Amino acid sequence: LREIRQLRDENARLKRLVADLTLDKHILSEVLQKKSLKPARRRQLVAWIQETFQVSTVRSCRLAQFTRAAWYRQSTAQDQTPLAMRIRDLAHARPRLGYQRIAVLLRREGWPVNRKRVRRLYRLQGLQLRMWVRRRKHMCLHRGPAPVATRTIERWSMDFVHDALFDGRPFRVLTVVDQYSRQSPVLEVDFGHSGRSVAAALERVVAQLGTPVSITVDHGTEFTSKALEERAWKRGVKLDFTRPGKPTGVSGILCVRRNMTERNRYAKQKDHQGGRVSGAA
C-alpha cells in the first residue's frame, strides 16, 4: 500500500508539472506575439499575464523576464499629464508647429522643459506632422466662435491682396484692417513679402498707433514664420489663426479685395470706352 500511495503522489506531481509546463508554453506563445522591449512595456506585460491567466507574481515576472524588484519598486517621477495636455492644446491651436516650436512656446509660458521631453510627449500622443500631404487640411479642435471687437485698436485682421501692373508683373499688398472701425492702418506694397518684412511693417504701425490684443491671420508661410511669432510675443500680441474650413475668417480683407476688383473692372471699362471713342473720331 505504501508503494501504491507513493506512485499515486508521484503521478499527481507529474501531472501538475505537465499542466504548469503546458500553461507556461501557452503564456509564452501569447507573450512572443507582443513587443516587450522597454521596462514600462514589460511591467504592462506582467500585469496582463496576471489578469489573463490568474498566476502568481513570481511566475509572471519570470515569464516576462522582468525582475520582481523592478515590479515592486514605486516610481518617483513627476506626473507629466498637465504638460502633455498643454502640448496637445498647443498642437491643436497651431497645427503647423512641430515639437521644437512648441517647446519654445512652453518655455515662454514658464514650463521648465527641454526639447527632448517635449519630443517624447509629442510623439507619445501621435502629434507628428505629416511632411508631404496632398491636400493641406489642418486638423484642430473646434475653438468656438471668433471674438468680436468692441473698440478700436483691439482686434486686427491681416492678409495679402494681389494685383498686377500694366506690364503683367504681379505685386502683393499687405493689408491690415481694424475689425471695429474698418480702417486700414497698414497698406504695404511690394513685389514679395516675407515674415521679416511683415514683422517690420507691424512694428512700425504698432509704434505709431498702439498694440492690439490680437491679429487674425491665415496659415500662410509669412504669418507662421518665426520672425513674426517672436515679434508678436515680444509685443504681447496674440496671433489668432483662422479656423479650418473658414476662408472668410480674416474679416475686412474681402471688402478690400472686392473694392480693388471693382476699381480694376471700372478702369478697364473706361479704357475700353475711351478706345472706342478715339477710334470713331
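Basis of the calculations
- Residues numbered from 1 in each chain as written.
- Predicted model: local features only at pLDDT ≥ 70, side-chain atom pairs only at ≥ 80, totals over all residues.
- Heavy atoms only, no water.
- Helix = DSSP H or I, 4+ residues; strand = E, 2+ residues; numbered from the N terminus.
- Polar contact = N/O pair within 3.5 Å; in protein donor to acceptor, adjacent residues only side chain to side chain.
- Contact = heavy atoms within 4.5 Å.
- Patch = residues over 30% accessible without salt bridge, like charges linked within 9 Å, V, L, I, M, F, W, Y side chains within 5 Å.
- Areas by Shrake-Rupley, 256 points an atom, 1.4 Å probe, with all protein chains shown as cover.
- Salt bridge = Lys/Arg side-chain N within 4 Å of Asp/Glu carboxyl O.
- Buried < 20%, exposed > 50% of the residue type's maximum accessible area, 1.4 Å probe, protein only.
- Pairing = 2+ DSSP bridges.
- Axes fitted to C-alpha atoms, helices over the stretch in contact; angles between N-to-C directions.

**Student:** Is there a simple way to explain the side chain of Q125 in this structure?
**Tutor:** With respect to the secondary-structure elements, Q125 resides in the loop between α7 (115–124) and β1 (155–164). At 3.1 Å, the side chain of Q125 forms a polar contact with the backbone oxygen of A84. If sequence neighbours within four positions are ignored, Q125 has contacts with A84, I87 and R88.

**Student:** Explain a nonpolar patch on the surface to me, please; I cannot follow it from the model alone.
**Tutor:** Together, L14, L17 and L21 make up a nonpolar patch on the protein surface, roughly 260 Å² of accessible area in all. Positionally, L17 belongs in helix α1 (residues 2–31). By relative accessible area, which is 41% here, L17 ends up partly exposed.

**Student:** Which parts of the structure should I look at to understand the sheet that holds strand β5 (residues 238–241)?
**Tutor:** Across a sheet, paired strands are connected by hydrogen bonds in the backbone, their directions being either parallel or antiparallel. Pairing is mixed across the open sheet formed by five strands, whose spatial order is β3-β2-β1-β4-β5. A strand with exactly one partner marks an edge of an open sheet, and here the two such strands are β3 (186–190) and β5. Averaged over all adjacent pairs, the angle separating strand axes in this sheet is 25°, with direction ignored. In this sheet, β5 lies alongside strand β4 (residues 214–217) in parallel orientation, the contact comprising four bridges. Directly across from S214, in β5, lies its bridge partner K238. Across the sheet, helix α8 (residues 195–209) lies against β1, β2 (170–178), β3 and β4, angled at about 130° from β1, the strand it touches most.

**Student:** Please explain the pattern of salt bridges as it appears in this structure.
**Tutor:** Oppositely charged side chains may form a pair once their charged atoms are brought near each other. Enumeration over the complete set of coordinates arrives at nine salt bridges. A salt bridge links R172 to E222; the shortest N-O distance between them is 3.1 Å. Separated by 50 residues along the polypeptide, R172 in strand β2 and E222 in the loop between β4 and α9 (226–235) bring together distant segments of the chain. Both residues of the pair, R172 and E222, count as buried. Of the charged contacts, one joins E203 and R235 as a salt bridge, the two residues approaching to 2.6 Å between their closest N and O atoms. With E203 in helix α8 and R235 in helix α9, this pair connects stretches of sequence that are 32 residues apart. You can call R235 partly exposed: its relative accessible area is 35%.

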